[in-house]
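Listed below are the residues making up each chain.
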Amino acid sequence: MGTLWIHLMRSIGVIMIFCGTFFFVAATVGIIRMPDPYNRGHVSCKGDSPGFMLCLLGIWCYWATVCFSESLILLVIVAFMLFANPISTHSILRLCYYRRVEFSSDTSLQEEK
Amino acid sequence: MLPDFIFAAKIVMVILSLTIFFCLYRAIFGPTVYDRIIAINVVSTKVVVMLALLAVIFNEAFFFTLSLVYALLLYLTTLAFVKFLGTGRLD
């Protein structure tokens, strides 16, 4: 690999991990500020999945220039968490709904019969 | 002026540590148990990212394996908590 290619991959990695950190900070603000567990779970999953994927793909962009065969396990982690994170958040919120946890007073429900 | 990836990784680790403290507020003072599970889920996801960043900072590749193990444990623990809260047993 040429030097230009290495610098390009590392610069893309820096940009990607900072974008992922932005998503994590947004998820934290949502978890603190949102009124009920449904909103908190929604915003945590929305902020977590792209933040995680951007951070780990950014680290992959760096480590692929160091040792490519060692960096493949990062793609395994990303492929696993792509399915695991929404499933766990969905199961928490489904349990919340079955247990009749109260919605926030600002929420309006339209349920199907 | 080329960006230094290891310095950026250190900055990101500091920011993630601060956001973990703010998530622990919701884990401690959360009104329901579901808020606590959601907050701990987010904290664990951040810890997985921090382990991968630690591999970059220490220049050691086996932290990636540690990160994978922690991701598997995170998924399993959350589902076990939800199953235990929902049915009262784990079998």
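Residues numbered from 1 in each chain as written. Chains lettered and ligands numbered in written order. Predicted model: local features only at pLDDT ≥ 70, side-chain atom pairs only at ≥ 80, totals over all residues.

*Asks:* Would you explain the overall build of chain B in this entry?
*Replies:* For chain B, the helix and strand inventory stands at three helices and zero strands. N-terminal to C-terminal, the α/β element order of chain B is α-α-α. On C-alpha atoms alone, chain B measures out to a radius of gyration of 16 Å, which is more than a quarter above the 12 Å that the 2.2 N^0.38 rule sets for 91 residues. Reported as C-alpha extents along the three principal axes, the dimensions of chain B are approximately 55 × 30 × 15 Å. Within chain B, the proportion of its 91 residues that are buried is 35%. (Helix = DSSP H or I, 4+ residues; strand = E, 2+ residues; numbered from the N terminus. Rg over C-alpha atoms; globule rule 2.2 N^0.38 Å. Buried ≥ 20, exposed ≤ 12 C-beta atoms within 10 Å, placed from the backbone.)

*Asks:* Help me out: how do you make sense of the overall build of chain A in this one?
*Replies:* A tally of regular secondary structure across chain A gives three helices and zero strands. Helices and strands appear in chain A in the N-to-C order α-α-α. On the principal axes, the C-alpha backbone points of chain A span a range of 60 × 25 × 20 Å. Pairs at least 24 apart in sequence give 66% of the contacts found in chain A among residues at least 6 apart. (Contact = placed C-beta atoms within 7 Å.)

*Asks:* I'm lost on the packing of helix H3 (residues 72–98) of chain A against helix H3 (residues 62–87) of chain B in this one. Help?
*Replies:* The relative placement of two packed helices is expressed as an angle between their axes plus a distance between the axes. Look at H3(A) against H3(B): their axes get within 10 Å of each other, and the N-to-C directions meet at 15 degrees. Classified by the interaxial angle, the pair formed by H3(A) and H3(B) is roughly parallel. Here H3(A) and H3(B) pass one another in a crossing that is left-handed. Here A:Ile73, A:Leu74, A:Val76, A:Ile77, A:Phe80, A:Met81, A:Ala84, A:Ser88, A:Ser91, A:Ile92 and A:Leu95 of H3(A) come into contact with H3(B), specifically with B:Phe64, B:Thr65, B:Ser67, B:Leu68, B:Ala71, B:Tyr75, B:Thr78, B:Leu79, B:Val82, B:Leu85 and B:Gly86. Along the lines of polarity and charge, the residues of the contact of H3(A) with H3(B) split into 16 nonpolar, six polar and no charged. (Axes fitted to C-alpha atoms, helices over the stretch in contact; angles between N-to-C directions. Parallel < 35°, antiparallel > 145°, perpendicular 65-115°, else oblique. Left-handed = near helix turned anticlockwise from the far one by under 90°. Nonpolar A, V, L, I, M, F, W, Y, C, P; charged D, E, K, R; others polar.)

*Asks:* How do you make sense of helix H2 (residues 37–66) of chain A when you look at a structure like this?
*Replies:* It helps to recall that an α-helix has 3.6 residues per turn; residues three or four apart then point in one direction. The end-to-end C-alpha distance of H2(A), which contains 30 residues, comes to 42 Å, matching closely the 44 Å that a straight helix rising 1.5 Å per residue would cover. Most of H2(A) is tucked away, with 21 of its 30 residues classed as buried. (Expected span 1.5 Å × (residues − 1).)

*Asks:* It is not clear to me how the environment of B:Phe63 should be interpreted in this structure. Could you clarify?
*Replies:* Residue and element names in this part refer to chain B. Residue placement: Phe 63 occurs in helix H3. Residues Phe 63 and Val 48, spaced 15 residues apart in sequence, show a C-alpha to C-alpha distance of 9.9 Å. Apart from the residues lying within four places of it in its own chain, the contact partners of Phe 63 are Leu 51, Ala 52, Leu 54, Ala 55 and Phe 58.

*Asks:* Would you explain unusual backbone geometry in this entry?
*Replies:* With glycine set apart, most residues show a phi of negative sign, and most peptide bonds adopt trans. The backbone of A:Arg100 sits at a positive phi, close to 60 degrees, despite the residue not being glycine. Of note, A:Arg100 is situated in the segment after H3. Using a count of 7 C-beta atoms within 10 Å as the deciding quantity, one classes A:Arg100 as exposed. Here B:Asn59, not a glycine, exhibits a phi torsion of approximately 60 degrees, which is positive.

*Asks:* Would you mind going over the interface of chain B and chain A with me for this structure?
*Replies:* Contact with chain B, which involves 39 residues of that partner, is made by 41 residues of chain A. Within the residue set of the side of chain B that touches chain A, elements represented by two or more residues are helix H1 (5–29), helix H2 (33–58) and H3 of chain B. With 13 residues, H2(B) is the largest single contributor of residues to the side of chain B that touches chain A. In terms of residue class, the side of chain B that touches chain A is made up of 28 nonpolar, eight polar and three charged.

*Asks:* When you look at the nonpolar core in this model, what are you seeing that I'm missing?
*Replies:* Within soluble globular proteins, side chains that are nonpolar tend to cluster in buried spots. One finds A:Leu56, A:Ile59, B:Val49 and B:Ala52 to be the most contacted residues of the largest nonpolar core, which totals 49 residues. Elements represented by at least two residues in this core include exactly helix H1 (3–33), H2 and H3 of chain A together with H1, H2 and H3 of chain B. Considering every element that reaches this core, the biggest residue donor is H2(B), with 13 residues. (Core = buried A, V, L, I, M, F, W, Y, C linked by C-beta atoms within 7 Å.)

*Asks:* Could you clarify how one ought to interpret the environment of A:Met34 in this entry?
*Replies:* Residue and element names in this part refer to chain A. Counting through the fold element by element, Met 34 comes out in the loop between H1 and H2. Since 18 C-beta atoms lie within 10 Å of it, Met 34 is described here as partly exposed. For the pair Met 34 and Ser 104, spaced 70 residues apart in the sequence, the C-alpha separation amounts to 9.5 Å.

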